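Residues per chain are reported as follows:
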Number of protein chains: 4
Amino acid sequence: MYIGVIGQSQCNEEIASIAEEVGELIARNGAVMICGGMGGVMEAASRGARSAGGVTIGILPGFSREEANSYISISIPTGLGPARNLIIVRASDVLIAISGGYGTLTEIAFALHFGKPVIGLYTWGLNREGKDLQDIMIVRTPREAVSKAMELIKDNRQ
Amino acid sequence: MYIGVIGQSQCNEEIASIAEEVGELIARNGAVMICGGMGGVMEAASRGARSAGGVTIGILPGFSREEANSYISISIPTGLGPARNLIIVRASDVLIAISGGYGTLTEIAFALHFGKPVIGLYTWGLNREGKDLQDIMIVRTPREAVSKAMELIKDNRQ
Amino acid sequence: MYIGVIGQSQCNEEIASIAEEVGELIARNGAVMICGGMGGVMEAASRGARSAGGVTIGILPGFSREEANSYISISIPTGLGPARNLIIVRASDVLIAISGGYGTLTEIAFALHFGKPVIGLYTWGLNREGKDLQDIMIVRTPREAVSKAMELIKDNRQ
Amino acid sequence: MYIGVIGQSQCNEEIASIAEEVGELIARNGAVMICGGMGGVMEAASRGARSAGGVTIGILPGFSREEANSYISISIPTGLGPARNLIIVRASDVLIAISGGYGTLTEIAFALHFGKPVIGLYTWGLNREGKDLQDIMIVRTPREAVSKAMELIKDNRQ
């Protein structure tokens, strides 16, 4: 079970604390956490996952594994810049978006394009011609996000 | 001047007719048209551009240039699948999104991520935490779309 | 007909003069020339092709079309760094390697991997376990290189 | 410490047995093994690494982690086809090439292009204008290959 956590490389304390709890719960559920390996939401979620004994994978944009945050277990430098966002999506069974900027939006869009579920915490919303869409599953707490993610992975296996 | 036209590989006649007019106007303004090279919106826009003597570039997802629609002047097979969407965005100075599905949304998101303007005709809208955003410049006609695009390119050069 | 010309972004005058003649002959044969769009062999070949009225496509490693040499008709910035080498190969029907460093070797290797013919002028040679291989078709003059390329494209169409 | 093992997805028993020993020695030295995650050399090396309690990462060409061989600890589907070869190289500190076809040659070429050491067992050789090059460090046994790899990683850290 691989759960992707996506969000910006800089964030305020409230968002960091949400991300940290998401990471911790992913690890407690025995899933591997995938992210972009950098700071902000990625670092907070990685710290949470490692604090609960989990494994964290960082798919890095640059050339060097030294750019990974200190809570990454396995770092994969790609040298692809933002094109690495697509690999984060491919490598995740389900994604949890926490707040996030345009980079996160590219990941949400690829996930929907590939038919992978996206769970959202304080993140982007989409509409078409003024009509709101429910493509992103909006939740309000880390607990809801991770239990929804686990449920979707299990449903998908049956 | 390179204008990207993005939209789905299948579309209804109304959208096709809008795309065709957009392509024609791009060519009349002397700009090169970039697209994904496939059917639907891409084919209609390419047909319009060629009818006005323009040059059309198709950045293809697959391995063979035979998958290009018949109105592509220069075809670039990439073999990268949907990762080629990012190249369409990189290669365009400004993008016009016409309707579009999730693939188009990946292109819109990359364009915003890279700071490239996106002009929208009957396409996606974005919100954050329920608040509508104006990141995509919404217009109502092909004429408005292309004149806005030309204006942005000229502003950017000054 | 799309012929790729691959080689280093810096080269001596002798190699530049060979590349220029290759470009010129490609254009005289009515083929489009594809290259990495930068200096050295790429610039010399582009200059030759343009001098004979040809079309040159530059698949650029960076973000900006301003990095293209001045003889590129159509520039495609990819932002992919050396991963763009693969697109040069995908987009070419046959490749002519002129001298070249490790970057050129990545292109030769991808071409052979994809079953595309590689014609070599003063370039890499390959062996396996000490046994020389003839995978790269070695020629000695620009004229031989381009006539071999045209022949291969025509054979492939029949 | 991340050591990449590259080679073909099909191989004979002799090569498989060499690959298996390479994998085992990588694990005994406490390094993480990176590979393309498929059959042949990749599977044999992964089996060896896991038998010695090591961690194996498979950077997959396709969309699904089900294509990974059964000895992969962490699978990363990329959907990039052979473009994923470049990521295997980026993610490795040093590479060991075992026999191998054109795909392996693309990896060797990228490694040399990025300045990463390549150690070769029964693999490709390179020459320029008929002059043999020593760019690939040729060794004759798995033991030599892995101790050379460990030495290079340690030198690089000092």
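S.K.: An account of the interface of chain B and chain A is requested, with residue identities and associated values reported.
M.R.: Of the residues lining the interface, 28 residues belong to chain B; the matching set on chain A comes to 28 residues. Overall, the association of chain B and chain A removes approximately 2,400 Å² of surface from exposure, summing both partners, and the carbon and sulfur fraction of that is 60%. Three residues stand out in chain B for area buried against chain A, namely Tyr102, Arg128 and Glu129 of chain B, and they jointly supply 24% of the buried area on that side. On inspection of chain B and its partner chain A, the count reaches zero salt bridges.

S.K.: Describe the packing of aromatic side chains, with residues and values.
M.R.: Aromatic ring pairs are reported here in terms of the distance separating the ring centres and the angle at which the planes meet. Taken as a whole and judged by the stated rule, the model has ten aromatic pairs over all chains. On the basis of an interplanar angle of 25° and a centroid distance of 5.7 Å, the ring pair of Tyr102 of chain D and Trp124 of chain D is categorised as stacked. You can see Tyr102 of chain D sitting in helix α4 (residues 102-113) and its partner Trp124 of chain D sitting in strand β7 (residues 124-128), a full 22 residues away along the chain. Ring geometry for Phe110 of chain D and Phe114 of chain D: centres 5.5 Å apart, planes at 35°, overall tilted. A relative accessible area of 0% means that Phe110 of chain D is categorised as buried. Put simply, the rings of Phe110 and Phe114 of chain A together with Phe110 and Phe114 of chain B touch in pairs and so form one group of aromatic residues. Here Arg90 of chain B stacks its cationic end above the ring of Phe114 of chain B, 3.7 Å away from the centre of that ring. Over the ring of Trp124 of chain C we find Arg128 of chain D, and its NZ or CZ is 5.0 Å from the ring centre.

S.K.: How would you summarise helix α5 (residues 142-157) of chain A if you had to cite specific residues and measurements?
M.R.: All names here are of chain A. Over its 16 residues, α5 runs 23 Å from end to end, which matches the ideal 22 Å to within 8%, given 1.5 Å per residue. For α5, the full list of buried residues reads Pro142, Ala145, Val146, Ala149, Met150 and Ile153. The buried residues of α5 occupy an angular sector of 125° when projected down its axis, which confines them to one face. Against β1 (2-6), α1 (13-28), β5 (94-98) and β6 (118-121) lie the buried residues of α5.

S.K.: Pulling in residues and values, what's your account of the relation of the copies chain D and chain C?
M.R.: One chain copy maps onto the other through a rotation about an axis and a shift parallel to that axis. The operation relating chain D to chain C is a screw motion whose rotation component is 180°, with 0.0 Å of axial translation and a residual RMSD of 0.0 Å. Taken together, these values place the two copies in the relation of a two-fold axis. Take the interface residues of chain D: 100% of them recur as interface residues in chain C, which is what a same-surface contact looks like.

S.K.: I'd like to hear about the relation of the copies chain B and chain A, residue by residue, with values.
M.R.: The operation relating chain B to chain A is a screw motion whose rotation component is 180°, with 0.0 Å of axial translation and a residual RMSD of 0.0 Å. Most of the interface of chain B is mirrored in chain A: 100% of its interface residues are interface residues there too.

S.K.: Help me get a handle on the interface of chain D and chain C, residues and values and all.
M.R.: Frequently, the measure chosen for interface size is the accessible area removed from exposure when the parts meet. Contact residues are listed per partner, giving 28 residues for chain D and 28 residues for chain C. Summed over the three residues of chain D that lose the most area to chain C, namely Tyr102, Arg128 and Glu129 of chain D, the buried surface amounts to 24% of that side. Between the two partners, chain D and chain C, sit zero salt bridges. If you list the elements that add at least two residues to the side of chain D that touches chain C, you get α3 (84-91), α4 and β7 of chain D.

The rules we used
Residues numbered from 1 in each chain as written. Chains lettered and ligands numbered in written order. Predicted model: local features only at pLDDT ≥ 70, side-chain atom pairs only at ≥ 80, totals over all residues. Heavy atoms only, no water. Contact = heavy atoms within 4.5 Å. Buried area = accessible area lost by both parts, 1.4 Å probe. Salt bridge = Lys/Arg side-chain N within 4 Å of Asp/Glu carboxyl O. Phe/Tyr/Trp six-rings, centres within 6.5 Å; stacked < 30°, edge-to-face > 60°. Helix = DSSP H or I, 4+ residues; strand = E, 2+ residues; numbered from the N terminus. Buried < 20%, exposed > 50% of the residue type's maximum accessible area, 1.4 Å probe, protein only. Lys NZ or Arg CZ within 6 Å of the ring centre and 35° of its normal. Expected span 1.5 Å × (residues − 1). Arc of directions from axis to C-beta. Least-squares fit on C-alpha atoms with pLDDT ≥ 70 in both.

Geometry only, nothing functional implied.
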